[in-house]
Amino acid sequence: MRNGTCPECAAQVPLREDVVLHEFLTCPECGTGLEVISLSPLTLDRAPQVEEDWGE
């Protein structure tokens, strides 16, 4: 198992070996939504907030 670091609270986030780019997950410590933005080096960032498009 691989680990990433939460950019919000610096906790270690366990990731599967077969994690893929742009996969979404949640930090087990602070609950922040995260996205895998790089596989080498393994980098996590806050997931983009979903905005309402109001039917546009």
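As shown above, the structure is provided for reference.
What you are looking at is a predicted structure, and each value in this text was computed from that prediction instead of being measured.

(A) Representation of the pattern of salt bridges in the model. Tallying each qualifying case throughout the model produces three salt bridges. Salt-bridge contacts for Arg-16 lead to Asp-18; the nearest nitrogen and oxygen are separated by 2.8 Å. We classify Arg-16 as partly exposed; its relative accessible area is 45%. In this structure, Glu-23 and Arg-16 form a salt bridge, with 3.1 Å as the shortest nitrogen-oxygen distance. A network of salt bridges, in which partner residues are shared, links Arg-16, Asp-18 and Glu-23.

(B) Highlighting unusual backbone geometry. Residue Pro-41 is reached from Ser-40 by a cis peptide bond, and omega for that bond is 0°. Note on placement: Pro-41 falls in the loop between β4 (33–39) and β5 (42–46). The phi angle at Ala-10 is positive, at roughly 70°, despite the residue not being glycine. Residue position: Ala-10 is located in the loop between β1 (2–5) and β2 (12–15). Residue classification places Ala-10 among the exposed positions, given a relative accessible area of 53%. The phi dihedral of His-22 falls on the positive side, at around 70°, and the residue is not glycine. Structurally, the position occupied by His-22 is in the loop between β2 and β3 (24–26). You can call His-22 partly exposed: its relative accessible area is 47%.

Conventions used here
The residue numbers shown here count from 1 along each chain, following its written sequence. For a predicted model such as this one, the threshold for reporting local features is a pLDDT of at least 70, and the threshold for listing and counting side-chain atom pairs is 80 or more; totals across whole chains, interfaces and linings nevertheless cover every residue. In computing side-chain values, all of the structure's heavy atoms are included and hydrogens and water are not. Note on definitions: salt bridges are taken to be side-chain nitrogens of Lys or Arg within 4 Å of carboxyl oxygens of Asp or Glu. Each residue's exposure class comes from its accessible area (1.4 Å probe, protein chains only) as a fraction of the maximum for that residue type: buried when under 20%, exposed when over 50%, partly exposed otherwise. Helical segments are the DSSP runs of H or I of at least four residues, strand segments are the runs of E of at least two, and each set is numbered from the N terminus.

All we've got here are geometric facts, nothing functional implied.
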